[in-house]
Amino acid sequence: MQLIVVTGLSGSGKSIALNQLEDSGFYCIDNLPAPFLEQVVTHLQAIGRDRIAVALDSRSDLSMEDLQKCFTTLAQRGVDMRALCLTASNDALVQRYSETRRQHPLSQKPDSAPGTLVEAIEKEREMLDWMMKAGLHLTVAELVCLNEKGISPTEDLLYSYNRQALTEAIYLDHSIQ
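Here, residues in each chain are numbered from 1, in the same order as that chain's written sequence. Two thresholds apply to this predicted model, a pLDDT of at least 70 for residue-level local features and 80 or more for giving and counting side-chain atom pairs, whereas whole-chain, interface and lining totals are computed over all residues. Excluded from the side-chain calculation are hydrogens and water; included are all heavy atoms of the structure.

> I keep staring at helix 2 (residues 37-46) and nothing clicks. Help me out?
Within the sequence span of helix 2, burial applies to Leu37, Val41 and Leu44. Angularly, the buried residues of helix 2 cover 70° about the axis, an arc narrow enough to put them on a single face. Every exposed residue of helix 2 that faces more than 90 degrees away from the buried side is listed here: Gln39 and Ala46. Gly48, located one to two residues past helix 2, shows a positive phi value of around 95°. A 1.4 Å probe rolled over the protein chains alone gives each residue an accessible area, and that area as a share of the maximum for its type sets the label: buried under 20%, exposed over 50%, partly exposed in between. Secondary structure elements are defined from DSSP: runs of H or I of at least 4 residues count as helices, runs of E of at least 2 residues count as strands, and each element is numbered from the N terminus. The arc in question is formed by the directions pointing from the helix axis toward the C-beta atoms.

> Would you explain helix 4 (residues 90-100) in this entry?
Residue pairs three or four apart in sequence face the same way in an α-helix, which turns once every 3.6 residues. Of the positions making up helix 4, those classed as buried are Asn90, Leu93 and Tyr97. All buried residues of helix 4 lie within an arc of 70° about the axis, which places them on one face of the element. Opposite the packed face of helix 4, turned more than 90 degrees from it, sit the exposed residues Asp91 and Glu99. When checking whether two residues touch, look at their non-hydrogen atoms; a contact exists if any pair is within 4.5 Å. Here the buried face of helix 4 lies against helix 5 (117-127). Phi turns positive, to about 60°, at Arg101, one or two residues after helix 4.

> Looking at this structure, how should I read the nonpolar core?
A general tendency of soluble globular proteins is for nonpolar side chains to be buried together. Here, nonpolar core means buried Ala, Val, Leu, Ile, Met, Phe, Trp, Tyr and Cys residues that are tied together by side-chain atoms lying within 4.5 Å of each other. Within the largest apolar cluster, 17 residues are counted, with the highest numbers of intra-cluster contacts made by Leu3, Leu37, Val54, Leu56, Phe71 and Leu74. Counting residues per element, the ones that place at least two in this core are strand 1 (2-8), helix 2, strand 3 (51-55) and helix 3 (64-76). The element best represented in this core is helix 3, accounting for four residues. Not counting chain neighbours up to four residues away, the residues in contact with Leu3 comprise Val41, Ile52, Val54, Leu74, Val79, Asp80, Met81 and Arg82.

Distances and angles like these do not, on their own, reveal function.
In structure tokens form, the structure reads like this:
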């Protein structure tokens, strides 16, 4: 079974990535509460789903330490996991939030809400740091470029060892052979 965990900053394009993965044949779940990840993967594996993509973000009620344990358990059960981490500059995210007039998810947690939008973005960057270090990074612009070119984010293209092919697909009209 293959599992792609799509994560990244709020507003960075996780839903767009899931749409692309779904078009490529993955069974996709957006904003799955992290405490249910292991159960959902077990169930989907039992009913024959072998390609799953799940979006997780900082709103999860599971600590990052617990999530790492969950990933370890799934890997020990033979699940081929990849992390696709989406990012964007603070300026791009601030603009996106001002255009949509939505609140940052961390601003909605009254007990630990940061004061400004930029503070919320920076806090989220810190929370997701361990996963960002472990996964393949794409900016929203790169994701949109793949979408515009009609390039499906196949599992082979998303392997971190294949960054050259991914870069070529995004920035060149034809891949270098």
